[in-house]
Amino acid sequence: MTATTDKTPADAGHPLARFPGYDPAAPPLEVTDLRVAFADRPGRPGSGSVVVDGVSYRTEAGRTLAVVGESGCGKSLTARAVMGILPAGAQVTGGSVRLHGIDLLGLDRRALARIRGRHISMVFQDALSALNPVLPVGFQIAEVFRAHGDLTRRQAERQAVRMLDRVRIPEAARRAGHYPHQFSGGMRQRVMIAMALALNPEVVIADEPTTALDVTVQAQIMELLADLQAEHSVSLVLISHDMGIVANAADRVVVMYAGRVAEQAPAEDLYGRPAHPYTRALLDAIPRRGSRGRPLNVLQGAPPDPADPPQGCSFGPRCALAGENCRTAPPLHAVAPHHASACHHWKEVAGR
Amino acid sequence: MGSYLLRRVLLMVPVLLGTTFVIYAAVYALPGDPVQALAGPDHMVTPAAAAAIKAHYHLGDPFLVQYWHYLVGLLHGDFGIDLNNTPVSAVIEASWPVTVKLALMTWVIEAVVGVALGFLAALRAGRATDIAVLGGSSLILGVPYFITAYVAQVFLGVKLGWFPVSGTDDGWPLSYLVPALCLALLGVPEISRLTRASILENLGADFVDTATAKGLSRARVLVRHVLRTSLIPVVSMLGTNLGYLLSGTILIEGIFNLPGLGYQVFQSVQQHDGPTVVGISTLLVLVFLLVNLVVDLLYGVLDPRIRLD
């Protein structure tokens with residue numbers, strides 16, 4: 001399929017138009033039935049485990065899609081599969097990842113390199129380890145400009161300073177020459193954001209961008225992300241386990257459990273009328289005004305071992321509603337338009 | 001930084017005093033009569049001549065007085081006179097270029113081959129290349145290097161005649177090639193193992209994923225982010241190795257008859273030539289200390305997280 005033949009001249013000029021499958025009307029990011037497994041090497045722990053099992057979601061321009069779930073539920077691995085930076089041993093075993101219709105999994109390494117950082121980028125959780133400790137931050141941001149354009153080193157460094165200024169780092173020109181360890185946690189995360197947003201990509205994946213930060217800095221970073229997102233109508237994928245942050249930032253929420261989508265809904269629907277017992281448990285665990293002195297409703301137990309998944313519904317072993325029919329894996333039931341729940345008992349949960 | 005440098009230089013003073021003292025004492029304690037050694041075994045030395053020589057070299061003074069005389073001379077830049085009545089500084093002047101040429105050549109081979117093999121082994125970790133590098137390294141380390149040197153001398157020099165057997169008549173680089181290779185065999189396994197481990201550690205680092213996610217090419221990620229960061233400990237080891245090479249090539253210089261500093265020390269020990277042994281040894285200690293200082297300063301440049309103060 002050629003990308004350019006049936007497009008208007010304006011589309012043909014788009015930098016993505018040279019990649020096969022480009023469709024400006026397609027969602028910025030569409031993940032379909034994605035599967036990730038660790039390579040089967042007998043004797044190695046975790047080998048052969050399916051860690052992402054048929055995850056689908058799509059994003060919209062200028063909107064935020066939040067992916068929530070406990071540690072190990074596969075939310076980060078899904079994002080890494082999208083970026084093509086899975087850890088050693090893990091590999092995509094099925095499904096597709098499309099950026100404006102372009103099949104990212106089908107691209108060769110060089111083509112992918114031209115898209116990464118330019119059209120889709122990622123903000124990592126721990127900026128201290130995600131930044132190279134021995135290169136100045138200005139240089140590391142400038143690398144994005146140099147990798148995707150014919151800028152001289154000088155010009156790229158100037159652009160880097162401009163980006164540092166844009167993420168509100170004081171004295172940007174001077175700070176550009178500093179190394180990551182010379183910044184505070186919040187400032188480092190700003191550097192990461194500057195790097196990810198340098199070329200105004202269509203999609204930005206933020207993997208727990210505020211986990212390592214204290215609460216006031218968290219708020220600043222989320223605000224900065226929202227501002228930058230609005231400026232260029234970036235499609236943001238926010239990975240988090242903090243239901244509070246997600247409530248403030250997300251337009252749509254995907255709840256993941258044990259490598260699968262448990263529930264998916266517009267944010268207000270999900271918070272107002274959860275239709276999966278796991279979602280409800282997550283919401284019940286949020287401390288609220290008036291809950292002082294009373295124990296929180298913390299979900300008991302641990303997620304299943306991906307090497308030894310339970311039969312049927314993976315949430316069954318921790319679920320109060322689990323019954324005979326939960327021995328079979330639940331399909332996604334449509335709760336409402338754009339609202340789906342993978343629970344046999346979704347009516348009970350939603351109608352409480 | 002300035003105060004750090006000053007402190008390091010000042011620290012060298014007691015180290016140098018200590019080493020010269022130990023070396024001086026060791027030479028003093030050597031069995032045999034230096035006067036007789038000077039005259040040669042077949043010559044009778046008249047008591048008057050012996051007394052004159054003893055007075056001239058302060059040989060009759062107590063040990064500490066002798067050491068004091070030597071130290072005062074050293075501080076004036078005077079390494080003393082050896083038993084052939086040549087100033088030790090002249091011996092040093094004639095032999096240091098040989099040692100420096102040999103050391104630098106060895107060092108470059110070590111660095112280039114070691115880092116290249118380590119890089120390759122890390123990228124192919126667990127596969128044939130990696131195992132071959134490991135096996136080769138173990139084999140080389142298992143054979144004492146003077147045996148390798150003799151074998152190389154016989155095979156490459158005598159049998160095949162490709163290289164000079166010994167001496168420096170063919171000049172640089174031909175006369176130095178085989179000795180440098182033999183010496184480098186000692187450092188290459190060390191450097192390549194360290195490089196491999198360091199690269200493997202950094203290959204899995206988060207900042208490598210960041211670099212990939214930025215859209216950098218694989219080559220750029222590997223060179224700019226992985227190699228650059230992995231070389232920090234390697235540079236440190238290379239620096240220390242240069243110090244060793246500049247100060248300790250006695251065996252190889254002996255085998256290949258290269259009249260460098262190590263060779264001179266070896267000869268002087270046999271001839272009970274105290275001033276030469278102590279003089280050259282002191283110089284070598286000083287070089288070793290200076291090289292180490294430079295390495296430590298370089299470390300601060302390569303790794304901005306390290307503060308020198």
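Residues numbered from 1 in each chain as written. Chains lettered and ligands numbered in written order. Predicted model: local features only at pLDDT ≥ 70, side-chain atom pairs only at ≥ 80, totals over all residues.

Describe the interface of chain B and chain A, naming the residues involved and giving the relevant values.
Facing 20 residues of chain B, the contacting portion of chain A comprises 26 residues. At the level of elements, helix H9 (206-213) and helix H10 (218-247) of chain B are the ones that each hand at least two residues to the side of chain B that touches chain A. Sort the elements by how many residues they give to the side of chain B that touches chain A and H9(B) lands first, with 6 residues. Looking at the side of chain B that touches chain A, its residues break down into 6 nonpolar, 7 polar and 7 charged. (Contact = placed C-beta atoms within 7 Å. Helix = DSSP H or I, 4+ residues; strand = E, 2+ residues; numbered from the N terminus. Nonpolar A, V, L, I, M, F, W, Y, C, P; charged D, E, K, R; others polar.)

Help me get a handle on the pairing of strand S8 (residues 235-240) of chain A, residues and values and all.
Residues and elements named next belong to chain A. Along S8, 6 of the 6 residues are buried, which leaves the element largely enclosed by surrounding structure. Judged by which residues are buried, S8 turns out to be covered on both faces: Ser-235, Val-237 and Ile-239 on one side and Leu-236, Leu-238 and Ser-240 on the other are all buried. Relative to S8, strand S3 (residues 64-68) is paired through 5 bridges, and the arrangement is parallel. By the bridge assignment, Leu-65 is partnered in S8 with Val-237. The pairing of strand S7 (residues 203-207) with S8 spans 5 bridges and is classified as parallel. Counterpart to Ile-205 in the pairing with S8 is Val-237. Read from S7 through helix H9 (residues 215-232) to S8, the crossover connection turns out right-handed. (Buried ≥ 20, exposed ≤ 12 C-beta atoms within 10 Å, placed from the backbone. Pairing = 2+ DSSP bridges. Right-handed = clockwise from strand over helix to strand, strands pointing away.)

Provide a residue-level description of the nonpolar core, including the pertinent values.
Judged by nonpolar contacts, the single largest core of 145 residues is most densely connected at A:Ile141, A:Met192, A:Ala194, A:Ile205 and A:Val237. In this view, A:Ala194 contacts A:Ile141, A:Met163, A:Leu164, A:Arg166 and A:Val167; residues no more than four positions away in its chain are not counted. Of all hydrophobic cores here, the second largest spans 8 residues; its members include B:Tyr24, B:Val265, B:Val278 and B:Ile280. (Core = buried A, V, L, I, M, F, W, Y, C linked by C-beta atoms within 7 Å.)

Please give an account of the sheet that holds strand S4 (residues 90-99) of chain A that cites residues and values.
Residue and element names in this part refer to chain A. Here 4 strands make up an open sheet; going across it, the order is S2-S1-S4-S5 and the pairing antiparallel. With partners counted over all chains shown, the strands left at the sheet margins are strand S2 (50-58) and strand S5 (102-103), one partner each. As judged from the 6 bridges shared by strand S1 (residues 30-38) and S2, these two strands associate in the antiparallel manner. From the neighbouring strand, Ala-37 faces S2, where its bridge partner is Val-50. Sheet strands touched by helix H2 (residues 75-83): S1, S2 and S4. Its angle to S1, the strand with the most contacts, is close to 105 degrees. (Axes fitted to C-alpha atoms, helices over the stretch in contact; angles between N-to-C directions.)

For the UniProt feature "transmembrane region" (unreviewed entry) in chain B, give the residues involved together with the corresponding values.
Taken from the UniProt record, the annotation "transmembrane region" (unreviewed entry) applies to residues 9-30, 104-124, 131-151, 171-188, 230-256 and 276-302 of chain B. In residues 131-151 of chain B, helix accounts for 90% and strand for 0%; the two terminal C-alpha atoms are 25 Å from one another. (UniProt positions renumbered as here; feature names shortened; annotations may be inferred.)

Could you give an account of the packing of helix H8 (residues 185-197) of chain A against H9(A), naming the residues involved and the relevant values?
Residues and elements named next belong to chain A. Look at H8 against H9: their axes get within 10 Å of each other, and the N-to-C directions meet at 15 degrees. One element, H8, and the other, H9, form an angle in the roughly parallel class. As H8 packs across H9, the resulting crossing turns out to be right-handed. Residues Gly-185, Gly-186, Gln-189, Arg-190, Ile-193 and Leu-197 of H8 lie in contact with H9, whose contacting residues are Val-217, Gln-220, Ile-221, Leu-224, Leu-225 and Leu-228. Residue composition of the contact of H8 with H9, grouped by class: 7 nonpolar, 4 polar and 1 charged. (Parallel < 35°, antiparallel > 145°, perpendicular 65-115°, else oblique. Left-handed = near helix turned anticlockwise from the far one by under 90°.)

Kindly report on unusual backbone geometry, identifying the contributing residues and their values.
Residues and elements named next belong to chain A. In this model, His-100 sits at a positive phi of 50 degrees, which is unusual for a non-glycine residue. As for its placement among the helices and strands, His-100 is situated in the loop between S4 and S5. One non-glycine residue, Asn-200, lies in positive phi territory at about 45 degrees. Turning to its location among the elements, Asn-200 is positioned in the loop between H8 and S7.

Tell me about the confidence of the model for chain B, residues and numbers included.
All names here are of chain B. Summary statistics for chain B give a mean pLDDT of 86 and a share of 97% for residues scoring 70 or more. When pLDDT is averaged over each element of chain B, H9 comes out on top at 95 and helix H2 (residues 34-39) at the bottom at 70. Interface scoring of the predicted complex returns ipTM 0.87; its pTM is 0.83. (pLDDT = per-residue confidence, 0-100.)

Can you break down the domain arrangement of chain B residue by residue, with the values?
All names here are of chain B. Entries for chain B in the domain assignment read domain 1 (2-75) and domain 2 (95-302). Distance between the C-alpha centres of domain 1 and domain 2: 33 Å. Contacts between the two partners involve 15 residues from domain 1, matched on the other side by 11 residues from domain 2. For the side of domain 1 that touches domain 2, the secondary structure elements donating two or more residues are helix H1 (2-28), H2 and helix H4 (63-75). No other element matches H1, which puts 9 residues into the side of domain 1 that touches domain 2. (Domains from an automatic or database assignment.)

Describe helix H12 (residues 277-284) of chain A, with residues and values.
Those residues of H12(A) lying buried are A:Pro277, A:Tyr278, A:Thr279, A:Arg280 and A:Leu282. Of the surrounding elements, those touching the buried residues of H12(A) are helix H10 (243-249), strand S9 (252-257), strand S10 (260-266), helix H11 (267-272) and helix H13 (346-350) of chain A.

Got a sec to walk through the pairing of S10(A)? Specific residues and values, please.
Residue and element names in this part refer to chain A. Counting buried residues along S10, 6 of its 7 residues qualify, which places the element largely inside the surrounding structure. Pairing geometry for S9 and S10, over 6 bridges, is antiparallel. Each residue of the ladder has a partner; that of Val-253, found in S10, is Ala-265. Summarising the sheet, S10 and strand S12 (residues 339-341) pair through 2 bridges and their orientation is antiparallel. Each bridged residue has a counterpart across the sheet, and for Glu-263 the counterpart in S12 is Ser-341.

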